[in-house]
4 protein chains.
Amino acid sequence: MKKLLITGFEPFGGDDKNPALEAVKRLEGLELEGAVVVTCSVPVVLQRSIDTVIHEIEKHKPDYVVTVGQAGGRCAITPERVAINIDDYRIPDNDGHQPIDQKVEETGPDAYLSTLPIKAMVKAMQDKGIPAQVSNTAGTFVCNHLFYGIQHYLRETNIKHGFVHIPLMNEQCTDGSKPTMSLDSIIEGLSIAAQAIVDNDKDISFGAGTIC
Amino acid sequence: MKKLLITGFEPFGGDDKNPALEAVKRLEGLELEGAVVVTCSVPVVLQRSIDTVIHEIEKHKPDYVVTVGQAGGRCAITPERVAINIDDYRIPDNDGHQPIDQKVEETGPDAYLSTLPIKAMVKAMQDKGIPAQVSNTAGTFVCNHLFYGIQHYLRETNIKHGFVHIPLMNEQCTDGSKPTMSLDSIIEGLSIAAQAIVDNDKDISFGAGTIC
Amino acid sequence: MKKLLITGFEPFGGDDKNPALEAVKRLEGLELEGAVVVTCSVPVVLQRSIDTVIHEIEKHKPDYVVTVGQAGGRCAITPERVAINIDDYRIPDNDGHQPIDQKVEETGPDAYLSTLPIKAMVKAMQDKGIPAQVSNTAGTFVCNHLFYGIQHYLRETNIKHGFVHIPLMNEQCTDGSKPTMSLDSIIEGLSIAAQAIVDNDKDISFGAGTIC
Amino acid sequence: MKKLLITGFEPFGGDDKNPALEAVKRLEGLELEGAVVVTCSVPVVLQRSIDTVIHEIEKHKPDYVVTVGQAGGRCAITPERVAINIDDYRIPDNDGHQPIDQKVEETGPDAYLSTLPIKAMVKAMQDKGIPAQVSNTAGTFVCNHLFYGIQHYLRETNIKHGFVHIPLMNEQCTDGSKPTMSLDSIIEGLSIAAQAIVDNDKDISFGAGTIC
C-alpha cells in the first residue's frame, strides 16, 4: 500500500477559511486503489511552510506529496507545471514577511518542474466532469515558495511532488465577482487527481499548453 | 398552499445539456414553506417558448413564475432586473430563426421590469453561501424574448414573474475556460430563491447596482 | 449645417480624470461632414446631470445629443441600447446621493431605447479599426440616470439621443488589471461615431446581440 | 554607444498582422540616450525562431536583446520573468510543428530567468501612463521557446536578454471581446522600456508579484 501526503494551507489575506485546508480535513484517511491518504495543515509563512511539510514527509515517508493552495480567480483545479526560485509577495504572509525579488533557495536553480503526472491528473478530473487545467505559473507568493522548497528538498529522492491550486469555495465569494467551486466538487477533484497520481508512474501526453 | 411554476430551457447552441432543464427536473414537486413547485421544459424557439409557458400558466394557475436559462460565462445565479423589447440573435434558435433588431411584441413598451423580489432572492442565496447577484441585462436572445413575452402576457394579472440566469454546470466546461457551478449548488440556489419569492411579497432594499 | 451636442461627465469615484470629459474638450468645435460639434461637461450628480444637459439642449438646439461616460472594465466604445427607470447606486454620486431602487422619473415607463443609429455607429468605428460594440446595459448609476432622463425629456421631440460608454484611458489604469484605450483612440472613435450619426437617419441592421 | 536588438514575431494563428512586427518596423534605428536600436523579424517556427535571432546577435553584437511577441488577451505590456524548458503547443507553429511536452533544449535546466531589469522597465512605462506589468508565464508556445533558447545561447555571455509580451493592436480585435492597445501606445511603451534597459544595469526592487 502506497502513501500519499496531501497538505493544505491555512487561511490568509484576511480570509477566515482556505478551501485547501477544508478539503484536506475531509481527505484524511481516504483509501484510494493502491494507496492511502495522509494529510496536514500548513502555515502561510515563508520558511515555516517548508519546514512543516518536510517534517510531515519525514514522519510519514510518503511515496507522493501533493501540496494544495487557494487560487482566487481561477475556475478550475490546476496542477502547477513549474516552481520558480523567486519570492515576490504582493501581500505579507501570516507572520508579516514580505520578501521582494528574493530567492527561495540561495543556491538553487531558477526553477523545478513538477514530478507529478500533471496531465494524467487533469484528464482524470475532466473525464469525471470536474473543471481542471494545467497551470504554468504558481505565482510568486507562499504557494510557489512551498512548491519550490519541497522540490528542492526532494530533488535527489524518488518521492514525487507537485503543487495543485484550487478555486475559491462558493461561500468565499458570494457576490459573483470571482469564479468559485463547491467544496464537494473540490474534494471530488482532488480525490480523482490523487488516484491518477497512483495510477500513472509516467505522465500521459496531450496538448494542454498556452500561447501566452 | 401557493403554487410556483419554474421553467427550464432545453439545450441549445450545440450543447447537449442545459443546466436549467437539469435543475428543473429535480425541482419538480419540491415542497417549500407555503408553496409547491411545478415545472416544465421550454423549447429554445422564438414564439414557441412563450406559447409553452403560457400553456403551463393556464394549466397550473401559479401564483409565481420563474423562467430559468443558462448564462455561459457568469459565476453566479443572477435574477434579471429587466426584459427589453428587442430580438437580436447572435446565433439561430433551435428552429433556425435569427431575428435582428425586431420587437418581441410589436405594440409593447420598450421594457418590463421583473415583478419578483430579486434582491430578496439574491440575499437569501448569498446568506446560504451560494454566489448570486442582480443582473441588469438578460441579453437579446430567447431568454430575454421569453422573459419579455411572459411579462407582457401577465401585465394585467397578479401573477408575479421574473427570469433567472444560471451558470454553466461543471461538466459543460471542464477546461477552466469559463466559470461553472455544480448542479447541486444550482439546485440549492434555485430552491432558496424560490422560498424567498414566497416569503417576500414586497422586495427588500439594498444596494446591488452596477456603475456600468 | 446640423448640430451635434456631445456631453462628457466629470471625474467621479476617486478618479481625478474622466476620459469622457477629456475627449469632449478636444471634440469641441469639430466640423463633421454636414454638422458641427458642440460640447459641455456634466456633473456626476443625480438631478443636476439631467438639468445641465437640458440647459445645453435649450441653448444649442442640437439635432443630435450624445451623452458620454466612463465604463471601467470595458475594452470597447459601446453605444448603449437601453436606459432603464432605475437608480441603484453602488457608490455615492459626487454630491453624496446614493439612491437604491428608486425611479429616475416617477411616472416614466420602465425603459427607453436609444434613438441613435447604434449599429451604424458601431460598424463605422470597427471599420476604422476602433474596438466598438453595442451594449445592452448602461448600469444603474448616473450614466443610466442621465441617459433615461434625457430620453424622457426628448420623448416627444425629433432630437435624437443616446448614451455612449468609453473605456478607461491608458493612464487611469497602468498596472494591467483592467483594459484601457488611449485617449487618441477614444477621440477618433467618438468622431467616427458622430459622423455615423449624421450619415444615418435610419439605423442599419446587422447582428450585434448577446446570448446573456 | 550601446546597441539594443529588438526582435518581432511574424503573424501566426490565422492573423495577418502581429503587433510585435509592426512595432519593430517603426523602432528600427531609434536613437535612445546612450544606445541605438536595431531590429529584425522572426518566423513563428520552432527552431528557426532561435536560429534567426542568434544570427542577428552574431551580426549586430548587441549589448541587450529584447524579443517581443503578441499576447492576445492581455491588457498591458508585460516583460516576462521566466522562460521554461517546455514546448507544449496548443496550435501548430507556422511550419506545422506542434510539439507536446518536449524540452526546448534537451540538456538545459528547467528554466532561465530574464536578465533584463524587468521591474525598472515596468515602472518606467507605468510612470509615463502606459499599462505595464511583470508576467510570470510566457506560455508554452514559440514565444517561450525563443525566450528559453536565447537565454540558453547567451548563458555565459554578458549580453542581457528578456522577452516582452504586448497586447493585440486595436485593429486586431474590433468587437470588444478582448483588450487591445493602439500601436502608438505599444511603440511608446517599448521605447520607454528600451531606455529603461540602458539606464538600469541593475534592476530596481518593488513588489510586482502575484498570489497565483
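Every value quoted in this text rests on a predicted model; they were computed, and no experiment measured them.

A. Focus on the packing of helix H3 (residues 118–127) of chain D against helix H5 (residues 183–199) of chain D. Residue and element names in this part refer to chain D. Put simply, H3 and H5 touch, their axes get as near as 8 Å, and they point 135 degrees apart. Taken together, the axes of H3 and H5 are oblique relative to one another. The interaxial crossing formed by H3 with H5 has right-handed handedness. Counted together, Ala-120, Met-121, Ala-124 and Met-125 of H3 and Gly-189, Ile-192, Ala-193, Ala-196 and Ile-197 of H5 form the full contact between these two elements.

B. Seen up close, the pairing of strand S4 (residues 64–70) of chain C. Residue and element names in this part refer to chain C. Among the 7 residues in S4, 7 count as buried, and that is most of the element. Of the two faces of S4, the one carrying Tyr-64, Val-66, Val-68 and Gln-70 and the one carrying Val-65, Thr-67 and Gly-69 are both buried. The pairing of strand S1 (residues 2–9) with S4 spans 5 bridges and is classified as parallel. Opposite Gly-8, over in S4, you have Val-68 as the bridge partner. Across 7 bridges, the pairing between S4 and strand S8 (residues 160–166) is parallel. Bridged to Val-66 within S8 is Gly-162.

C. Examining the sheet that holds strand S1 (residues 2–9) of chain D more closely. Residue and element names in this part refer to chain D. Ordered by their spatial adjacency, 6 strands build an open sheet running S2-S3-S1-S4-S8-S5, and the pairing between neighbours is mixed. Of all strands in the sheet, those with a lone pairing partner are strand S2 (31–32) and strand S5 (78–79), marking the two edges. The sheet contact formed by S1 and strand S3 (residues 35–42) spans 8 bridges and is parallel. Across the sheet, Leu-4 pairs through a bridge with Val-37, a residue of S3.

D. Geometry of the packing of aromatic side chains. One pass over the full model with this rule turns up 20 aromatic pairs over all chains. Each ring, one from A:Tyr89 and one from A:Phe141, has its centre 4.8 Å from the other, and the planes form 65 degrees; the classification is edge-to-face. With A:Tyr89 in the loop between strand S7 (87–88) and strand S8 (100–102) and A:Phe141 in the loop between helix H3 (118–127) and helix H4 (142–153), the pair connects residues that are 52 residues apart, well separated along the chain. Ring centres 5.6 Å apart and planes at 45 degrees place the aromatic pair C:Phe12 and C:Phe141 in the tilted group. Here C:Phe141 lies in the loop between helix H3 (118–127) and helix H4 (142–153) and C:Phe12 lies in the loop between S1 and helix H1 (19–27), a separation of 129 residues in the sequence.

E. Spatial organisation of the arrangement of the chains. One thing to see here is that chain A and chain C don't touch, and their nearest C-alpha atoms sit 13 Å from each other. At the level of C-alpha atoms, the two units chain B and chain D stay apart, their nearest approach being 13 Å.

F. Structural view of the relation of the copies chain D and chain A. The operation relating chain D to chain A is a screw motion whose rotation component is 180 degrees, with 0.0 Å of axial translation and a residual RMSD of 0.0 Å. Taken together, the turn and the small shift mark the pair as related by a two-fold rotation axis. Both copies share a contact surface, since 100% of the interface residues of chain D are interface residues in chain A too.

G. Local environment of the relation of the copies chain D and chain C. Superposing chain D onto chain C requires a rotation of 180 degrees together with a translation of 0.0 Å along the rotation axis, leaving an RMSD of 0.0 Å. Comparing contact sets, 100% of the residues at the interface of chain D also lie at the interface in chain C, consistent with an isologous, same-surface contact.

H. Inspection of the interface of chain D and chain C at higher detail. Contact residues are listed per partner, giving 19 residues for chain D and 19 residues for chain C. Looking at the side of chain D facing chain C, the largest losses of area belong to D:Cys75, D:Pro131 and D:Thr174, adding up to 33% of the total buried there. Across the chain D-chain C interface, the total number found is 0 salt bridges. Taken together, chain D and chain C are joined by 8 residue pairs in polar contact (both at pLDDT 80 or more). Here the side of chain D that touches chain C is built from residues that sort into 7 nonpolar, 9 polar and 3 charged.

I. Examining the state of the cysteines more closely. Tallying each qualifying case throughout the model produces 0 disulfides over all chains. Between B:Cys212, a cysteine without a disulfide, and C:Cys143, which holds the nearest cysteine sulfur, the sulfur-to-sulfur distance is 7.0 Å. Residue B:Cys212 is classed as partly exposed on the basis of its relative accessible area, which comes to 23%.

J. Representation of the environment of D:Asp201 within the structure. Checked against the element boundaries, D:Asp201 lands in the segment after H5. A sequence separation of 41 residues divides D:Asp201 from D:Lys160, and the C-alpha atoms of the two residues are 9.7 Å apart.

K. Inspection of the sheet that holds strand S3 (residues 35–42) of chain C at higher detail. The mixed open sheet is built from 6 strands, whose spatial order is S2-S3-S1-S4-S8-S5 (chain C). Two strands bound the open sheet, and with one partner strand each, they are strand S2 (31–32) and strand S5 (78–79) of chain C.

L. Spotlight on the interface of chain D and chain A. In this assembly, 34 residues from chain D lie in contact with 35 residues from chain A. Between chain D and chain A, roughly 2800 Å² of surface is buried when both sides are summed, and carbon and sulfur atoms account for 61% of that area. When the buried surface of chain D facing chain A is broken down by residue, D:Asp110, D:Ile211 and D:Cys212 rank first, second and third, together holding 24% of it. At the boundary of chain D and chain A, one finds 8 salt bridges. Notably, a salt bridge pairs A:Asp88 with D:Arg81, separated by 2.7 Å at the nearest N-O pair.

M. Here's a closer look at helix H5 (residues 183–199) of chain C. Its 17 residues place the ends of H5(C) 24 Å apart at the C-alpha level, agreeing with the 24 Å of an ideal helix rising 1.5 Å per residue. Judged by how many residues are buried, H5(C) sits mostly within the fold: 14 of 17 residues are covered.

The rules behind each value
Residues numbered from 1 in each chain as written. Chains lettered and ligands numbered in written order. Predicted model: local features only at pLDDT ≥ 70, side-chain atom pairs only at ≥ 80, totals over all residues. Heavy atoms only, no water. Axes fitted to C-alpha atoms, helices over the stretch in contact; angles between N-to-C directions. Helix = DSSP H or I, 4+ residues; strand = E, 2+ residues; numbered from the N terminus. Parallel < 35°, antiparallel > 145°, perpendicular 65-115°, else oblique. Left-handed = near helix turned anticlockwise from the far one by under 90°. Contact = heavy atoms within 4.5 Å. Buried < 20%, exposed > 50% of the residue type's maximum accessible area, 1.4 Å probe, protein only. Pairing = 2+ DSSP bridges. Phe/Tyr/Trp six-rings, centres within 6.5 Å; stacked < 30°, edge-to-face > 60°. Least-squares fit on C-alpha atoms with pLDDT ≥ 70 in both. Buried area = accessible area lost by both parts, 1.4 Å probe. Salt bridge = Lys/Arg side-chain N within 4 Å of Asp/Glu carboxyl O. Polar contact = N/O pair within 3.5 Å; in protein donor to acceptor, adjacent residues only side chain to side chain. Nonpolar A, V, L, I, M, F, W, Y, C, P; charged D, E, K, R; others polar. Disulfide = S-S within 2.5 Å. Expected span 1.5 Å × (residues − 1).

These figures capture arrangement, not role.
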